[in-house]
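# Architecture at a glance
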Amino acid sequence: MTLRTADKDVPEPVDESSSASARWRQLLPRVPHGLYIDGSWRGSSDGSTIAVENPATGQMLTEIASATVQDGHDALTAATAAAADWARTAPRERGELLRRAFELLTERADYFATLITLEMGKPLAQSRAEVAYGAEFFRWYAEESVRIDGRWAVAPDGQTRLLTMRQPVGPTLMITPWNFPLAMGTRKIGPAIAAGCTMVIKPASQTPLTMLALTALLDEVGVPAGVMNVIPTKTSGTVMAPLITDPRLRKLTFTGSTAVGQDLIRQSADQVLRVSMELGGNAPFLVFEDADLESAVEGAMLAKMRNMGEACTAANRFLVHESVADTFAQLLAARMDEEVLGSGVDDSVTVGPLIDNKQRHKVAELVDDATRHGADLVTGGCTMPGPGYFYTPTVLTNVPPASGLLREEIFGPVAPIITFSDDREAIASANDTEYGLAAYAFTSSLSRMITVSEALNFGMIGINQGIISNAAAPFGGMKHSGYGREGGPEGIHEYLDTKYVGINGQA
């Protein structure tokens, strides 16, 4: 494993380079630092701020306004006031706004990618990929906005005409996570704009800068005042609770942990909100005996190491047929050892820091617990000294079945490998989790591809590929991984109510 080090004798990631500091100095004046409410930027009502940290250095990048309960109330008031006019806006007009946003976001990809890397930590190449992926939601829903449909039918008795129509749900609260600060926003904003819904958006306090920059872009392309309101806050629960119980709010969409999602669902019950939840995952990665192992390893690197493993779709458990398990483990460890660990603003770096020390500590605890109980460490397993929150890419074998590594969402660059002897055992083991977001399987058998896909209890399945996210496809899970879908034709339906009108056909 290659480490970008300040001193060859001290195995620690290098601090920010002068070029990285220069990048930030250029970006800083362009990123808004306030709340965006009713088309205007403003400070917090009590003057409070959030310190935004660079996880590669542990140092503060900047401070931004932190919303209060009053600011949240004002944001929802603005969204409510704008809702009726925005719902009446021509679908083509809403679509053209999204198309312009797609084009401008694509044009400024380097700016947004650098911003993502600085506040979240992922390597620049991955940040550029996130910008491309995130922009696609604007392009996709620019096209979907003019395809909102209904239907006309004659009732079976011939007496009534059945008219159905789809209309905007109304003011929507969006709570987005820190791991994909651009794409998790565009995945919600795109269909909401296309459908004609107004929004209050609460980005994660660790990575609010990307959303603020995106908000400025949407303001620039002409999204009307009140349609989009953005309120970062360091007291999320306190600020969000009154909004969720406010009768003016009609929808809640959240991406984050299952525990927080469950609390939000409970809070939403009083107002019977339309709710969509994209929650935790525990993705199995199945490698059958007939798999092309080189392809499987490359797929594993994508499914595991994208975003340093900090993704809800990340491969969490590697289930490998016993006849190829040793070979697969050695090949995967060799690829892990080729990774370059360091600050993501260096283009040669392939693995950045974890988001904060708390997350790094959790990953280290899971690995240490597994090795204490008999797991074999093939490579990695090290917390790197500062600056920054780095953990080495890790592969373990012979992981005990009761290990937390196999039960919990790791959210780090750790690949625990266990074996199976036949397909039935593999599927039973893969499904043995309360989560049901994503799964992966590598096999050369077409019939196995079909049977495994049908048997796995997950909302998304990648066959012989390690990345499955696509703006044109429905993203979402089963069981404790949530409900509702984002992306694809299904995504816009989350922001539309269906209304039925019965018309007397005999009048």
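Here the residue numbers are simple positions, counted from 1 along each chain's written sequence. Residues qualify for local features only when their pLDDT is at least 70, as the model is predicted, and side-chain atom pairs are given and counted only at 80 or more; totals for whole chains, interfaces and linings, by contrast, use all residues. Side-chain numbers come from the whole structure's heavy atoms, not from hydrogens or water.

## Observations concerning the confidence of the model for the protein chain
Summary of the metric used: pLDDT quantifies the predictor's per-residue confidence within the range 0 to 100. Scored by pLDDT, the protein chain comes out at a mean of 94, with 95% of its residues at no less than 70. We call two residues in contact when some of their heavy atoms are within 4.5 Å. Counting contacts from residues 5-18, a segment whose pLDDT is below 50, to residues more than four positions away or on other chains yields 32 contacts.

## Quick word on helix 7 (residues 209-221)
Starting at the N terminus, helices and strands are each numbered in turn, a helix being any DSSP run of H or I of at least four residues and a strand any DSSP run of E of at least two. Take the residue count of a helix, subtract one, and multiply by 1.5 Å to get its expected span. Across its 13 residues, helix 7 extends 19 Å between first and last C-alpha, which sits within 8% of the 18 Å expected from 1.5 Å per residue. With ten of its 13 residues buried, helix 7 lies for the most part within the structure. Exposure classes here rest on a 1.4 Å probe applied to the protein chains alone. A residue is buried below 20% of its type maximum, exposed above 50%, and partly exposed in between. Turning to helix 7, its buried residues number three or more, namely Leu209, Thr210, Met211, Leu212, Ala213, Leu214, Thr215, Leu217, Leu218 and Val221.

## Structural notes on the sheet that holds strand 22 (residues 438-442)
Here, a strand pair is defined by DSSP locating no fewer than two bridges between the strands. Read across the sheet, seven strands follow the order 18-19-20-16-15-22-23 without closing on themselves; strand pairing throughout is mixed. Pairing within the sheet leaves two strands with one partner each, and these edge strands are strand 18 (376-379) and strand 23 (460-463). The mean inter-strand angle of the sheet, taken between neighbouring strand axes irrespective of direction, is 25°. Bridge analysis of strand 19 (residues 394-397) against strand 20 (residues 414-420) gives three bridges, and the strand direction is parallel. Looking at the pairing, Val395 lines up with Ala415 of strand 20. Against the sheet, helix 10 (residues 293-305) touches strand 15 (283-287), strand 16 (315-321), strand 20 and strand 22, its axis set at about 170° to strand 15. Geometry is summarised by axes, namely lines fitted to C-alpha atoms with helices restricted to the contacting stretch, and by angles between N-to-C directions that run from 0 to 180 degrees. The strands that helix 14 (residues 423-431) touches are strand 15, strand 16 and strand 20; relative to strand 16, the one it contacts most, it runs at about 165°.

## A word on the sheet that holds strand 8 (residues 151-154)
Read from one edge of the open sheet, three strands run 8-9-26, paired in antiparallel fashion. Edge positions in the open sheet fall to strand 8 and strand 26 (496-504), since each of these has one partner strand only. On average, each strand axis in the sheet is tilted by 20° relative to the strand beside it, whichever way the strands run. By the bridge criterion, four bridges tie strand 8 to strand 9 (residues 160-168) in an arrangement that is antiparallel. In the sheet register, Val154 faces strand 9, and the bridge partner there is Arg161.

## Observations concerning the packing of aromatic side chains
Side-chain rings of Phe, Tyr and Trp, where Trp is taken by its six-membered ring, are said to pair if the distance between their centres is within 6.5 Å; with planes under 30 degrees apart they count as stacked, over 60 as edge-to-face, and otherwise as tilted. Inspection of the entire model under this criterion finds nine aromatic pairs. A ring pair is formed by Tyr111 and Phe112, whose centres lie 5.0 Å apart and whose planes are at 70°; its orientation type is edge-to-face. This pair shows no difference in class: Tyr111 is buried, exactly as Phe112 is. Each residue in the set Phe285, Phe318, Phe328, Tyr440 and Phe442 is aromatic and connected to the rest through ring pairs, giving one cluster.

## Here we look at the nonpolar core
In a soluble, globular protein the nonpolar side chains are often hidden away together inside. In these notes, a set of buried Ala, Val, Leu, Ile, Met, Phe, Trp, Tyr and Cys residues joined through side-chain atoms within 4.5 Å is what counts as a nonpolar core. Ile189, Leu218, Phe285, Phe328 and Leu332 are the most contacted members of the largest nonpolar core, which has 131 residues in total. Membership of the second largest hydrophobic core comes to 24 residues, among which are Met240, Leu243, Ile244 and Leu273.

## Side note on the environment of Ala333
By the element assignment, Ala333 lies in helix 11 (residues 325-337). Under the relative-accessibility criterion, Ala333 is labelled buried at 5%. Between the C-alpha atoms of Ala333 and Ile463, which are 130 residues apart in sequence, the distance is 22 Å. Sequence-distant contacts of Ala333, that is, excluding residues within four places in its chain, are made with Val378, Thr379 and Val395.

## Section: helix 12 (residues 357-372)
Because the α-helix completes a turn every 3.6 residues, residues three or four places apart line up on one side. Over its 16 residues, helix 12 extends 22 Å from the first C-alpha to the last, a length consistent with the 22 Å expected when each residue adds 1.5 Å. Every buried residue belonging to helix 12 is among Gln359, Arg360, Val363, Ala364, Leu366, Val367 and Ala370, and all of these are buried. In an axial view of helix 12, the angular spread of the buried residues amounts to 155°, which keeps them on one side of the axis. In helix 12, those exposed residues whose orientation departs by more than 90 degrees from the buried face are Lys358 and Arg372. On its buried face, helix 12 is in contact with strand 19, helix 13 (404-407) and strand 20. A side-chain oxygen of the first residue of helix 12 lies 3.3 Å from the backbone nitrogen of Lys358; this N-cap is Asp356. Remark: Gly374 follows helix 12 within two positions and exhibits a positive phi of approximately 110°. In this description, the arc belongs to the directions extending from the helix axis to the C-beta atoms. Think of a polar contact as two N or O atoms within 3.5 Å of one another; within protein, one of them needs to be a possible hydrogen donor and the other a possible acceptor, and neighboring residues in sequence only count if both atoms come from side chains.

## Things to note about the pairing of strand 20
Burial of strand 20 is extensive: six of the seven residues sit out of reach of the surface. The pairing of strand 16 with strand 20 spans four bridges and is parallel. Opposite Phe318, over in strand 20, you have Ile417 as the bridge partner.

## Focus: the pattern of salt bridges
Definition used for salt bridges: Asp or Glu carboxyl oxygen within 4 Å of a side-chain nitrogen of Lys or Arg. Across all of its chains, the model carries 24 salt bridges by this definition. Salt-bridge contacts for Asp85 lead to Arg88; the nearest nitrogen and oxygen are separated by 2.4 Å. Of the two residues, Asp85 and Arg88 are both situated in helix 2 (residues 69-88); the distance of three residues between them amounts to about one turn of the helix. You'll find Asp85 and Arg88 in the same group, each marked exposed.

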